[in-house]
Structure formats: structure tokens, C-alpha cells
Amino acid sequence: MKPMHRIVESHLDSFVAEYALEADERTLQFEKFANFAVLSGKFASAIELDEVTTGGDDDGTDGIAVIINEEHIVSADDAETLFAHERRNNDVEVVFVQAKTSESFDLGDFLKFKESVLRFFTQDPYCARSHLQQDARAAFDVAIKNVPKIRYGKPSVAAVYVTTGTYGAPEALETARKDMISQLGALGLFQNIDVRFIGRDELVNAWVATYSGVEASLVMNSSASLPEIAGIDESYLVVAKAKDYVENLLVSDDGSIRGQLFEENVRHYLGSENPVNAQIAETILNPDGRTRFPVLNNGITLVSPDVRVQGTTLHISNFQIVNGCQTSHVLYENRSALTDDLMVTLKVVETTDEDVFSELVRATNSQSKIEESQFVSLSPIAKRIEAYFNTYEGLDGRLYFERRDRQYVGKGVAAIRVISLHNAAKCVCAMFLRRPDLSFKYPKRMYEDFGNRIFSEENREIIYYASALALYRFHLLTSNKVIPQNMRRFKWHILPVAAAIIAGKDAPSIHSKKMDAYAQKIIDKFGHHGPEGTAVFTQAVDIISAMGEITNDRLKRQAVLDEMLAKVG
């Protein structure tokens, strides 16, 4: 294999270390790297690499994701759960990635990629070998059945071809790219089609953006410093041109809106057809009314750990828009109509206090009805879980509970040691509620059916650490091939089997004090690198292997866990 460009190789090595992927073949490492870089900006939460990377089963596509409202939908059932709600303006996008370690953009490889994408939408029955592609197609089919509930009545599609070279737009490849857009357009399925070639510079920039904070500057028309407030370092009321706000703060280098700015805003964009948003747009487009925009609109709240004002310029980094998601998106959608006389009001807050940050999120998002489940990260139980994780500071196997998205970005913490709130929920659901089928392919239904139990204020904090620690050890053992890598597919089922092997089949209630002793046995077994923990997983793998071929359909059924547990001695 020809040596990789040194810059790309260095970033790839960093990614591999972050996610403990040293045992993967180099081409697979690069595929995961490309998938992560391309998809991170499209997801509201952390990416599960195994759930977007097709691996050796691909037919010309190395990565795939069906994304609805910035959430990765992993099954038809999860899509059905989402569309069962009354909302009629869901954003749906299917993203395909093909990644090559070579510096050339090969026409033959691109045509293979194109045919793979077209087969995904046209072949019936769909015959891809990859379980991920099969599940993605099933989820897409559900979306098509529910197009009245999709914004603009159609989903979007993106196909991204990645190499380590520099794309010079040669005629043959540009012709092939335009042909692909034309063929996808002829299907009549999409409202937006994006087919792109990405070279090393774009790839590196996308990767760096996943761990670097956003830095921006904004010229202020006027500003006022607010009086000293407990827990807040600085705060300002700012009036600025809406055009400058969009161009300098909202838009990324590729012209798209920076989705990561809204990770802490509990409302997803409700669409231009939403009555309130339609009224905002009407004000923007009205020559007589646009000057009244700052007094008619409630404004936008930004929170940042680093705010500096120099003269009439505001400098802000690593900020989140905790209120004003709707206004920001409407301004973005109407950016071509923004004039110099259209102003927007901003409330800019500098704080590094997590509790103050949480209070701001809750307060600024309480004006209209929001499901309480959307405030889980702000709840007392989430704060107690975070505090419990922190009691293991300095110990082998120390994990970090990510109560807030990107909480540990840039802090020198390996990504494999960071447990997102979402993954913590799946770990508890699988190991202690004994529903690995929900963690496996039904995370949306998991929250609907068990969300209140998973994050009940009565739960013992230890259950989150014990189950997350088991998953962490399992990831390490499969990454270095001590446990066969094809066993990753069964990880959610292995968690309750491992718990049964270590502490017994009959687990106490997750509210009970007896759970402390039960879960502590799991922590004692997996709290350090050693043969005892490996032996537990080896036994669990043997149990699963003895059951013969287990299809995805079988894994999606609750009964398969009972069969596994019956084999625990």
C-alpha cells in the first residue's frame, strides 16, 4: 500500500487512539475515520461507529446513515415510533460514504459507489449483504410511507466520496457526479441531492471541527453590560445585524448551518410552515416591518465559556445557542433577503459553571410546552450520575459521564472513555432492565417505554457506572481481538449475560439498596485490566456461539435473551 499523506496519517492515528481501533485493518480505520468526519456535523449526539460503518459486507458503500431530525435512526421500528407522533415537518436525510486511502479519485470506484447508492433506492427486494444497509433501507421505506410528515414532502440524500488526495474536478469525474445527481433526481424521491468529492484538506477540516470549538467574531451595533450575577462571569445585551449574525456565527465553511450550536437547545427546528416561524419569516420579508424585528422577536441566547468584547466587536468561542433555535433557522433560510436594516437582539452569557448552564437551558426553553424527558441532562439524577462517575478519578478504567454533549471535547479525554447520556441509557436498559433488544435496534422505543424507569430519581447511581464499565471493557477486548470482532454485534446482549455470570441471574430492582452489592460485583470484575473480566466475556461469547446463527430479526426479539440466560450455569 502506498504511504498515506503524512498530515492525514497523523490525524488518522489520533482518531484510532481516541477510539481504541488499533487492531482494525488500516483501510477499515480510514473508513471509520471518514464516516466520523462526514457524519459528525449531521448528528445531534455521539456517533456509534459500528452502527454507521458497513465493514467487509459493503457493496461499494463504506458508511450509511438514515438521519431524522438530527437523530440516527437504526431500524424500521424506530422510524415507525418517530413517525407515530403528530409532527408533520420532520427532516429526513440518507447519507452514503465511500472512503479510499489512495490519493487518486478513481472513476471506476466512484461508479461502483454510484451503483450501490442507486441500488439502495431502486432494488426490490433489496439484496445488500450488510445488515446496516438492510436496516437503513427498511427505515427509509418507512419514511417514504410517511412523506406527509416530512418537511417539503420529500427526504434528502447525500453521497460523499472521500480520498486522501486533492480533488481537481477532472472532466470525467465531474460528468459522472452530474450523471449521478441526474439519476437520483429522476427517481423523484428527493427534495435535495448532494453528491460531493472530499479530499484531504476537507477531510482534515471536518475531523478537526469535531474536537475544536467554534470561534467567531461579530460587530455590534450596540451593547450593554449586565450587572454582576452569581455564577456568571460576564453577560451582555447585544444588538447586531442579522446578516452578520448568520454569516459569522451560524454558517460553517461549507455554507450549511452549524448544527452543533444547537445541541443544548431542547427544541429541534419546527420548520418554516410552523405558524410562529412563518410569522418570523413574514417580518423578515416585509420591507416596512423588518426594522421592527428586534422588538417583535424574543431574541437569541448564547452561552460560552469565553466571551471578550473589544471596542464594538464581540469575540466568542465554543458557544451554544440555548434559546433561539427557531429564529436562527428562519434567519438562515431567508439569508438572501437579510438587509442591513434588519437587526437581531442577542443575550450573551459567559459561564463555566455547569449548574448555571443547565439552569439557563431550562429557563430559556420553558416558555412553551416541552416534554420533560428532553430535560434529562438537567435532572438531579443526571447530575448525581456525573458526580458518581467522578468518584473514580485516578483509578484504572476511569470513565467520564457526558451529561452534556461535547462536554469533554478538547480536555484530553480519550473518546472511548466517554459515556454519553444516550449510551448510559442503553447500557442500563440492556444489563439491568434486561431489554437488550431495545438497546440494539429500538432506542426510540426504549425512551418511550422505559425512559422514566431508566432515569428515575430513585435509581442507584452505581448501575450506570457498572454497565458502562462492562461495555468499555468489552470494546477494548474486541478492539485488540482478544474477543472476536464479529461479537460486537451482540454487545447489548452480552451485557446482561455477563451480569448473570458475575452476580447471578436474579438481579435486584434498580431502586433497591441490594442493587449496590450486585452492581459492585460487576465493577470489581471489570474495574481493572485482567484475566477475570476477559474470562467472563469469553464465557458469554461461548454461550452465544453455541446458539448457532442468530439473525438480526432474532436479536430484535426479547425471547433470545431468555435462551442465552438459560445457558448460564
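Residues numbered from 1 in each chain as written. Predicted model: local features only at pLDDT ≥ 70, side-chain atom pairs only at ≥ 80, totals over all residues. Heavy atoms only, no water.

### Some words on the overall build of the protein chain
The secondary structure content of the protein chain amounts to 22 helices and 15 strands. In summary, the protein chain has a C-alpha radius of gyration of 24 Å against a globular reference of 25 Å for 569 residues, a match within 12%. The dimensions of the protein chain, computed from C-alpha atoms along their principal axes, are 75 × 60 × 50 Å. Looking at the protein chain as a whole, 55% of its 569 residues qualify as buried. Considering only intrachain contacts with a sequence separation of at least 6, the fraction spanning at least 24 residues in the protein chain is 72%. Working note: accessible area of the protein chain is about 24100 Å², and carbon and sulfur atoms make up 49% of it. Here the protein chain holds 62 positive side-chain charges and 79 negative ones, and the gap between their average locations is 3 Å. (Helix = DSSP H or I, 4+ residues; strand = E, 2+ residues; numbered from the N terminus. Rg over C-alpha atoms; globule rule 2.2 N^0.38 Å. Buried < 20%, exposed > 50% of the residue type's maximum accessible area, 1.4 Å probe, protein only. Contact = heavy atoms within 4.5 Å. Areas by Shrake-Rupley, 256 points an atom, 1.4 Å probe, with all protein chains shown as cover. Lys, Arg positive; Asp, Glu negative; His and termini not counted. Charge placed at Lys NZ, Arg CZ, Asp CG, Glu CD.)

### Thoughts on the packing of aromatic side chains
Here the structure, examined in full by the defined rule, presents 36 aromatic pairs. With a centroid separation of 5.6 Å and 50 degrees between ring planes, the pair formed by Phe15 and Phe36 is classed as tilted. Pair noted here: Phe15 is in helix α1 (residues 6–18) and Phe36 is in helix α2 (residues 26–40), with a separation of 21 residues, a long-range link. Considered together, Phe15 and Phe36 belong to a single accessibility category, that of buried residues. Considering the side-chain rings of Phe110 and Phe113, the 6.4 Å spacing of their centres and the 65 degrees angle between planes classify their relative orientation as edge-to-face. (Phe/Tyr/Trp six-rings, centres within 6.5 Å; stacked < 30°, edge-to-face > 60°.)

### Comments concerning the state of the cysteines
Tallied over the full model, the rule gives 0 disulfides. Here Cys429 is not disulfide-linked; the sulfur of Cys427 is the nearest cysteine sulfur, at 10 Å. On the basis of relative accessible area, Cys429 is assigned to the buried category, the value being 0%. (Disulfide = S-S within 2.5 Å.)

### A look at the confidence of the model for the protein chain
Confidence in the prediction for the protein chain averages 89 pLDDT; 95% of positions are at 70 or higher. The low-confidence segment residues 366–374 (pLDDT under 50) makes 9 contacts with residues lying over four places distant or belonging to another chain. (pLDDT = per-residue confidence, 0-100.)

### Some words on unusual backbone geometry
Put simply, Asp124 and Pro125 share a cis peptide bond, and its omega is 5 degrees. Note that Pro125 resides in the loop between α4 (107–122) and α5 (131–145). At Tyr152, a residue that is not glycine, the phi angle is positive and equals roughly 65 degrees. Take Tyr152: it is sitting in the loop between α5 and β4 (156–162).

### Details of the environment of Lys100
Tracing the backbone shows Lys100 in the loop between β3 (92–99) and α4. Classification of Lys100 as partly exposed rests on a relative accessible area of 26%. In this structure, the C-alpha to C-alpha distance between Lys100 and Ala143, residues 43 residues apart in sequence, is 30 Å. Residues in contact with Lys100, not counting those within four places in the same chain, are Phe30, Asp109, Tyr161, Val162, Thr163 and Thr164.

### A few points about the pairing of β4
The element β4 is extensively covered by neighbouring structure, given that 7 of its 7 residues are classed as buried. Of the two faces of β4, the one carrying Ser156, Ala158, Val160 and Val162 and the one carrying Val157, Ala159 and Tyr161 are both buried. Two elements, β3 and β4, share 7 bridges in a ladder whose sense is parallel. Paired with Glu93 across the two strands is Ser156, which belongs to β4. Relative to strand β5 (residues 192–198), β4 is paired through 7 bridges, and the arrangement is parallel. Paired with Ala159 across the bridge in β5 is Val195. (Pairing = 2+ DSSP bridges.)

### Re helix α19 (residues 514–526)
For an α-helix, the turn length of 3.6 residues means that residues three or four places apart are oriented alike. For α19, which comprises 13 residues, the first-to-last C-alpha distance of 19 Å matches the rise-based estimate of 18 Å (1.5 Å per residue) to within 8%. For α19, the full list of buried residues reads Met515, Tyr518, Ala519, Ile522, Ile523 and Phe526. The arc that holds every buried residue of α19, seen down its axis, measures 140 degrees, which confines them to one face. For α19, the secondary structure elements touched by its buried residues are α13 (380–390), α14 (421–431), α17 (462–479), α18 (491–503) and α20 (531–545). (Expected span 1.5 Å × (residues − 1). Arc of directions from axis to C-beta.)

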